[in-house]
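Results of the structural survey
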Amino acid sequence: MDGGEIAALIGAGAFAMLVLFLAVPILRLRHTIDAATRAINDLNDRTEPMLRNVNLTIEGVNTTLDQVHTSLDGVNVQLAKVDTITGHVQNVSANVANLTTVVSAAAANPLVKVAAFGYGVRKAAAARRGAEEEREVKDILKARRRAGRR
């Protein structure tokens, strides 16, 4: 064996040692990658049912939102009817106010006249009674004076 062959043998041995030295971390890296793969598979297995539940929940929420939307449409229709009724009530109130004004104007003047007439009749009747009483008193006084002179 000459020097070139020995150098080749030493080189081959060093290469074999390098391969053995690198094989250990590569095997450990393989175990790490296998563990990571198992963790990812477990995560996928757990996530899939949760995502199905989330989808079911979202579908339920969408159904509820559709029902709420339908209910709000019904409420809006009822509010439109209430607005119409409110407008009619406003018109009726305005008409009643106008009618009250007309009736007040028509009835107030005659009522004032009737009240004044009643007041005048009372005053006249009181004055007439007072005059009759005064006449009676005068007649009584005259009769006493005449009786006193005789």
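Up top is the structure.
Residues numbered from 1 in each chain as written. Predicted model: local features only at pLDDT ≥ 70, side-chain atom pairs only at ≥ 80, totals over all residues. Heavy atoms only, no water.

Turning our eyes to something else, we now look at the overall build of the protein chain. Secondary structure assignment for the protein chain yields 1 helix and 0 strands. In terms of overall size, the protein chain is more extended than a compact globule, its C-alpha atoms giving a radius of gyration of 61 Å where 150 residues would be expected to give roughly 15 Å. Its C-alpha atoms put the protein chain at 205 × 40 × 25 Å along the principal axes. Counting the 150 residues in the protein chain, one finds 0% classified as buried. A total of about 13400 Å² of accessible surface is found on the protein chain, and carbon and sulfur atoms cover 66% of it. Each charge sign in the protein chain was given a centre, from 19 positive and 15 negative side chains, and these centres are 44 Å apart. (Helix = DSSP H or I, 4+ residues; strand = E, 2+ residues; numbered from the N terminus. Rg over C-alpha atoms; globule rule 2.2 N^0.38 Å. Buried < 20%, exposed > 50% of the residue type's maximum accessible area, 1.4 Å probe, protein only. Areas by Shrake-Rupley, 256 points an atom, 1.4 Å probe, with all protein chains shown as cover. Lys, Arg positive; Asp, Glu negative; His and termini not counted. Charge placed at Lys NZ, Arg CZ, Asp CG, Glu CD.)

With that out of the way, let us pick up a nonpolar patch on the surface. On the surface, a cluster of nonpolar side chains totalling about 640 Å² of accessible area is made up of Phe15, Leu18, Val19, Phe21, Leu22 and Ile26. Among the secondary structure elements, Phe15 is positioned in helix α1 (residues 3-149). By relative accessible area, Phe15 is classed as exposed at 56%. (Patch = residues over 30% accessible without salt bridge, like charges linked within 9 Å, V, L, I, M, F, W, Y side chains within 5 Å. Salt bridge = Lys/Arg side-chain N within 4 Å of Asp/Glu carboxyl O.)

Inspection of the secondary structure assignment puts Thr70 in helix α1. Given a relative accessible area of 55%, Thr70 falls into the exposed group. For the pair Thr70 and Met17, spaced 53 residues apart in sequence, the C-alpha to C-alpha distance is 78 Å.

Purely spatial values, then, with no claim about function.
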